[in-house]
Amino acid sequence: MSIINNNAKEIHCKVIYYGPLGAGKTSSLKYIQKHSEKNKVSSFSIPLESPVESLVISIGKVLGLETFFHIYSVPDLNLEEKKYLLREVDGIVFVANSEPTAHKSNEQSLKELHKILEDQNVDIFKLPLVFQYNKRDLPETISIENLRTHLNKYNCKDFESSIKTGQKIIEPLKHLFKSILTVLKSGDIQ
């Protein structure tokens, strides 16, 4: 959940890029870092055995407080590391791989996410969540209808993206920011 530091007049929100190995989570984060305003983005590291891509984006003042989004990519982490990163998450970008051979890994990753959140008493239906169907530039892909039917049971906003072309890489994160800010403004913050 968002952390408010009244002394520093700051709000800190946590966003996780989640999905199967090879879907494009880390590539998406690196793309965003490269194409964001340099004065508003910084990288940082966290103490895990596996490498984790991360960055902080400041979006200015919200509710009179400087607002920061701490964004993490969940690469090939073990289950305990994933659980650690998902603690007190404010929003998730689920990155699905559109390659036909990735159908099962997409579903397994989403099932794993659902279970971790459930074990942490987080209702995935109430958590800001957006789907990013990546690798849409490939000649053969899983149909959007299939991805929506098997993954987006939550009726969340979704985007067709491509790291290669830059199509809809930043938009899912912007949409998630807006969803998290809506929750903040409603007063439903910890």
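Structural notes, computed from the coordinates. The residue numbers shown here count from 1 along each chain, following its written sequence. Residue-level local features of this predicted model are given only where pLDDT is at least 70; pairs of side-chain atoms are given and counted only at 80 or more, and the full residue set underlies all totals for whole chains, interfaces and linings. Hydrogens are left out, water is left out, and the side-chain values use all remaining heavy atoms of the structure.

## Structural notes on unusual backbone geometry
Even without being glycine, Leu63 reaches a positive phi, approximately 55°. With respect to the secondary-structure elements, Leu63 resides in the loop between strand E4 (54-62) and strand E5 (65-73). One non-glycine residue, Glu88, adopts positive backbone phi at about 60°. Where helices and strands are cited, they refer to DSSP runs of H or I of at least four residues and of E of at least two residues respectively, numbered from the N terminus. Mapped onto the elements, Glu88 comes out in the loop between helix H2 (79-86) and strand E6 (91-97).

## What about the nonpolar core?
What makes a nonpolar core is a set of buried Ala, Val, Leu, Ile, Met, Phe, Trp, Tyr and Cys residues whose side-chain atoms join them at distances within 4.5 Å. Burial here depends on accessible area, computed with a 1.4 Å probe over protein chains only, as a share of the maximum for the residue type. Under 20% is buried, over 50% is exposed, and the range in between is partly exposed. Ranked by internal contacts, the top residues of the largest apolar core, which has 27 residues, are Ile16, Tyr18, Ile92, Phe94, Leu113 and Phe131. Those elements that place two or more of their residues in this core are strand E2 (10-18), H2, E6, helix H3 (103-119), strand E7 (129-134) and helix H4 (144-150). For this core, the element with the most residues is H3, which contributes four residues. Contact criterion: two residues are considered in contact whenever any of their non-hydrogen atoms come within 4.5 Å of each other. Apart from the residues lying within four places of it in its own chain, the contact partners of Ile92 are Ile16, Tyr18, Leu86, Leu113, Leu117, Leu127, Pro128, Leu129, Val130 and Leu176. Counting residues in hydrophobic clusters, the runner-up holds 25 residues, among them Leu29, Ile32, Val130 and Ile180.

## Digging into the state of the cysteines
Any two cysteine sulfur atoms lying within 2.5 Å of each other are counted as a disulfide. Applying the stated criterion to the full structure yields zero disulfides. With no disulfide of its own, Cys13 lies closest to Cys156 among cysteine sulfurs, the gap being 18 Å. For Cys13, a relative accessible area of 1% gives the class buried. The exposure class assigned to Cys156 is buried, which follows from its relative accessible area of 16%.

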